[in-house]
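Tertiary structure, described
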Amino acid sequence: MQSKLSVVTGAFGYTGRYIARRLLDQGESVRTLTRSPASRSPFGTQVETRPLDFGNYEQLVASLTGADTLYNTYWIRFPRGSLTYETATSNSLLLIRAAVEAGVRRIVHVSITNASEDSSLRYFRGKGVVERAIRESGLSYAILRPTVLYSLEDVLINNIAWFLRRFPVFPIAGSGDYPIQPVLVDDVAQLAVNPGAKKGNGALGAVGPETFTFEELVRLLARRVKRRVWLMHLPPSLTFLASQMAGLLVRDVVLTKDEVDGLMAGLLVSADAPTTSTRFTEWLQVNGANVGRRYASELGRHYR
């Protein structure tokens, strides 16, 4: 029997790569829509590659034709050049329309916790618009709302550890007592492939079992990487300025204003009960020797 075809946007990237691996392990056929060349595939020839070209609608429809489920991880972390949050929103709506026309049965969409069309932050507002489009599309759907993803190659927690390993001072915006709730990216991938086989519609929090204040998280990381670091509390504007200076050093966007504002507003925690079991403290105990060893570049992952 021919295995079910699943399409994953960005299977050579971050979250999409973990979802694709889970699908392959389940024996499914996987096709990716990606802006990266096939030579960058971590899966060899196991994953079929098609271009993610929003300027070619007919090609999008053709690439989605025959798929049972679309696993959508497409979004942008920050604007770059002509690619804005508004552009990313329009691209996402186009992708949803193409999935409907191609006859895709179901979409599993990776959103973010506290996505809202009413948000003052463009990142969260755009995610809210896309969620509504999915609900109104007529497709069977599952919307995942993760908090803060972590792994040995994430761009926030891993990179915090990278800076802690190399510098004696670490800036913290404001008091540092705002909450953060990490969730392991592979646990999110497992949640994604689970509802993909079901018919019910709805949104599900992808939520880790532990919540920390931001300062507690930084101190925990510092202890695990065995560094004595001075935590310098700064106004948010100066913290963002410091991140821009650090970005010049690593040739990357270290932190965005929406990320600072969202973090301080408590938007990186969920009101939902935990839906994953991996405890960050236990993961860090196992991986403390390796976390932050390599800097994870967002620009390197998507633009170079």
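None of the values given here were measured: they were computed from a predicted structure.

**Here we look at the overall build of the protein**
A tally of regular secondary structure across the protein gives 11 helices and 13 strands. Computed over the C-alpha atoms, the radius of gyration of the protein is 19 Å, within 12% of the 19 Å expected from 2.2 N^0.38 for a compact globule of 304 residues. Across its three principal axes, the protein shows a C-alpha extent of roughly 60 × 40 × 35 Å. Counting the 304 residues in the protein, one finds 56% classified as buried. A total accessible area of about 13600 Å² is found for the protein, and carbon and sulfur atoms account for 52% of it.

**Brief notes about the packing of helix α7 (residues 214-224) against helix α10 (residues 280-287)**
In the contact formed by α7 and α10, the axes pass within 10 Å of each other and the chain directions differ by 25°. With respect to their mutual orientation, α7 and α10 come out roughly parallel. Crossing of α7 over α10 shows right-handed handedness. For the pair α7 and α10, contact is made by Leu217, Leu220, Leu221 and Arg224 and by Phe280, Thr281, Leu284 and Gln285, respectively. Tallied by class, the residues present in the contact of α7 with α10 amount to five nonpolar, two polar and one charged.

**Side note on the pattern of salt bridges**
All chains considered together, the criterion is met by 16 salt bridges. For the salt bridge of Glu153 with Arg17, the shortest nitrogen-to-oxygen distance reads 3.4 Å. You can see Glu153 sitting in the loop between β7 (148-150) and α5 (157-166) and its partner Arg17 sitting in helix α1 (residues 15-25), a full 136 residues away along the chain. Exposure remark for Arg17: the relative accessible area of 24% places this residue in the partly exposed category. Asp261 is the salt-bridge partner of Lys257, the closest N and O atoms lying 2.7 Å from each other. Linking Lys257 with Asp261, this pair stays in helix α9 (residues 257-264), spanning four residues, or about one helical turn. Judged by relative accessible area, which is 49%, Lys257 ranks as partly exposed.

**A word on the environment of Phe280**
Considering the arrangement of structural elements, one finds Phe280 in helix α10. What Phe280 contacts, discounting residues up to four positions off in sequence, is Tyr150, Ile157, Pro182, Glu210, Phe212, Leu217, Leu220 and Leu221.

**Remarks on the sheet that holds strand β3 (residues 47-51)**
The seven strands lie next to each other as β3-β2-β1-β4-β5-β6-β11, forming an open sheet whose pairing is parallel. At either end of the open sheet lies a strand with only one pairing partner, and these are β3 and β11 (202-206). Taking the axes of each pair of neighbouring strands and ignoring which way they run, one obtains an average angle of 20° across the sheet. Its contacts with the sheet place helix α4 (residues 122-135) against β5 (106-110) and β6 (140-146), and it is angled at close to 160° to β6.

**Here we look at helix α6 (residues 185-193)**
Think of an α-helix as 3.6 residues a turn; residues three or four steps apart then line up on the same face. Most of α6 sits inside the fold, with seven of its nine residues counted as buried. For α6, the complete set of buried residues consists of Val185, Asp187, Val188, Ala189, Leu191, Ala192 and Val193.

**Focus on the side chain of Asp154**
Its place among the elements puts Asp154 in the loop between β7 and α5. Engagement of the side chain of Asp154 in a polar contact is seen with the backbone nitrogen of Ile157, the distance being 2.6 Å. The contact partners of Asp154, leaving out residues within four places of it in the chain, are Tyr14, Leu149, Asn159 and Ala296.

**Quick notes on the nonpolar core**
The biggest cluster of nonpolar side chains holds 73 residues, and the ones touching the most others in it are Leu64, Leu164, Phe170, Phe214, Leu221 and Phe280. Phe12, Leu149, Val183 and Leu191 belong to the second largest nonpolar core, which has 26 residues in total.

**Some details on the packing of aromatic side chains**
Scanning all chains against the criterion turns up 15 aromatic pairs. Seen in terms of ring centroids, Phe54 and Tyr74 are 4.9 Å apart; in terms of plane orientation they differ by 50°. Their pairing is tilted. One end of the pair, Phe54, is in the loop between β3 and α2 (57-64); the other, Tyr74, is in the loop between β4 (69-72) and α3 (85-102), with 20 residues separating them in the sequence. The class of Tyr74 is buried, set by a relative accessible area of 4%. Ring geometry for Tyr150 versus Phe280: centroids 4.9 Å apart, planes at 85°, classification edge-to-face.

**Some thoughts on unusual backbone geometry**
Unlike most non-glycine residues, Asn114 shows phi in positive territory, near 65°. Structurally, Asn114 can be placed in the loop between β5 and α4. A relative accessible area of 34% places Asn114 in the partly exposed class.

What counts as what
Residues numbered from 1 in each chain as written. Predicted model: local features only at pLDDT ≥ 70, side-chain atom pairs only at ≥ 80, totals over all residues. Heavy atoms only, no water. Helix = DSSP H or I, 4+ residues; strand = E, 2+ residues; numbered from the N terminus. Rg over C-alpha atoms; globule rule 2.2 N^0.38 Å. Buried < 20%, exposed > 50% of the residue type's maximum accessible area, 1.4 Å probe, protein only. Areas by Shrake-Rupley, 256 points an atom, 1.4 Å probe, with all protein chains shown as cover. Axes fitted to C-alpha atoms, helices over the stretch in contact; angles between N-to-C directions. Parallel < 35°, antiparallel > 145°, perpendicular 65-115°, else oblique. Left-handed = near helix turned anticlockwise from the far one by under 90°. Contact = heavy atoms within 4.5 Å. Nonpolar A, V, L, I, M, F, W, Y, C, P; charged D, E, K, R; others polar. Salt bridge = Lys/Arg side-chain N within 4 Å of Asp/Glu carboxyl O. Pairing = 2+ DSSP bridges. Polar contact = N/O pair within 3.5 Å; in protein donor to acceptor, adjacent residues only side chain to side chain. Core = buried A, V, L, I, M, F, W, Y, C linked by side-chain atoms within 4.5 Å. Phe/Tyr/Trp six-rings, centres within 6.5 Å; stacked < 30°, edge-to-face > 60°.

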